[in-house]
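# Structure assessment
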Amino acid sequence: MQDTALYQYLLGLQSPWTVSRVNLDVNAQRVDVWAAHPADAAWACPHCSIVLPCTIMPRSERGGIWTVASSKPTCMRASHG
């Protein structure tokens, strides 16, 4: 099993998400994992069921860990608050 497949399994990522890259820094006691999806991936909004392409929000650093600043996918309609 390659590093990317191992981390995809450990993180429980499911299609369309995959682990595209893993960087292990033993000295710093740090593992960086990059998750990716196809450019044409789309999700249904949990509020209105409209299917739209995914928009990646800007990255932010929280507690020394780089994350994609998003929770569950939602469309940008004002009614969704």
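Residues numbered from 1 in each chain as written. Predicted model: local features only at pLDDT ≥ 70, side-chain atom pairs only at ≥ 80, totals over all residues. Heavy atoms only, no water.

## Considering the overall build of the protein chain
Helix and strand content of the protein chain: one helix and six strands. Along the protein chain, helices and strands appear, N-terminal first, in the series α-β-β-β-β-β-β. Taken across its 81 residues, the protein chain has 5% of its residues classed as buried. Summarising the internal contacts of the protein chain: among those between residues at least 6 apart in sequence, 24% fall at separations of at least 24. (Helix = DSSP H or I, 4+ residues; strand = E, 2+ residues; numbered from the N terminus. Buried < 20%, exposed > 50% of the residue type's maximum accessible area, 1.4 Å probe, protein only. Contact = heavy atoms within 4.5 Å.)

## Re the pairing of strand E2 (residues 30-36)
With seven bridges connecting them, strand E1 (residues 18-25) and E2 associate as antiparallel partners. The residue of E2 that forms the bridge with aspartate 25 is arginine 30. Linkage of E1 to E2, two consecutive antiparallel strands, is achieved through a turn of four residues, within which glutamine 29 is found at a positive phi near 55 degrees. (Pairing = 2+ DSSP bridges.)

## Considerations on a nonpolar patch on the surface
On the surface, a nonpolar cluster with roughly 440 Å² of combined accessible area is contributed by Leu11, Leu24, Val26, Val31 and Val33. Structurally, valine 26 is set in the loop between E1 and E2. Looking at valine 26, the relative accessible area reads 60%, which means it is exposed. (Patch = residues over 30% accessible without salt bridge, like charges linked within 9 Å, V, L, I, M, F, W, Y side chains within 5 Å. Areas by Shrake-Rupley, 256 points an atom, 1.4 Å probe, with all protein chains shown as cover. Salt bridge = Lys/Arg side-chain N within 4 Å of Asp/Glu carboxyl O.)

## Looking at the environment of valine 22
Position of valine 22 among the secondary structure elements: in strand E1. In this structure the C-alpha to C-alpha distance between valine 22 and aspartate 3, which are 19 residues apart in sequence, comes to 6.7 Å.

## With respect to the pattern of salt bridges
Side chains that differ in sign of charge can pair as their charged atoms come close. Per the counting criterion, the structure on display carries one salt bridge. The shortest N-O distance in the salt bridge between arginine 30 and aspartate 32 comes to 2.7 Å.

## Points about the environment of serine 15
Position of serine 15 relative to the elements: it lies in the loop between helix H1 (3-11) and E1. A relative accessible area of 72% means that serine 15 is categorised as exposed.

## Considering the packing of aromatic side chains
The final tally for this structure, using the stated rule, is zero aromatic pairs. One Lys or Arg, arginine 21, reaches over the ring of tryptophan 34 and ends 3.9 Å from the middle of that ring. (Phe/Tyr/Trp six-rings, centres within 6.5 Å; stacked < 30°, edge-to-face > 60°. Lys NZ or Arg CZ within 6 Å of the ring centre and 35° of its normal.)

## Section: the confidence of the model for the protein chain
Summing up the model confidence of the protein chain, the mean pLDDT is 74 and the portion of residues at 70 or higher is 63%. Taking the mean pLDDT of every element in the protein chain, the minimum, 44, falls on strand E6 (residues 65-68) and the maximum, 91, on H1. pLDDT under 50 marks residues 61-71. Its contacts with residues more than four places away, or in other chains, come to 16 contacts. (pLDDT = per-residue confidence, 0-100.)

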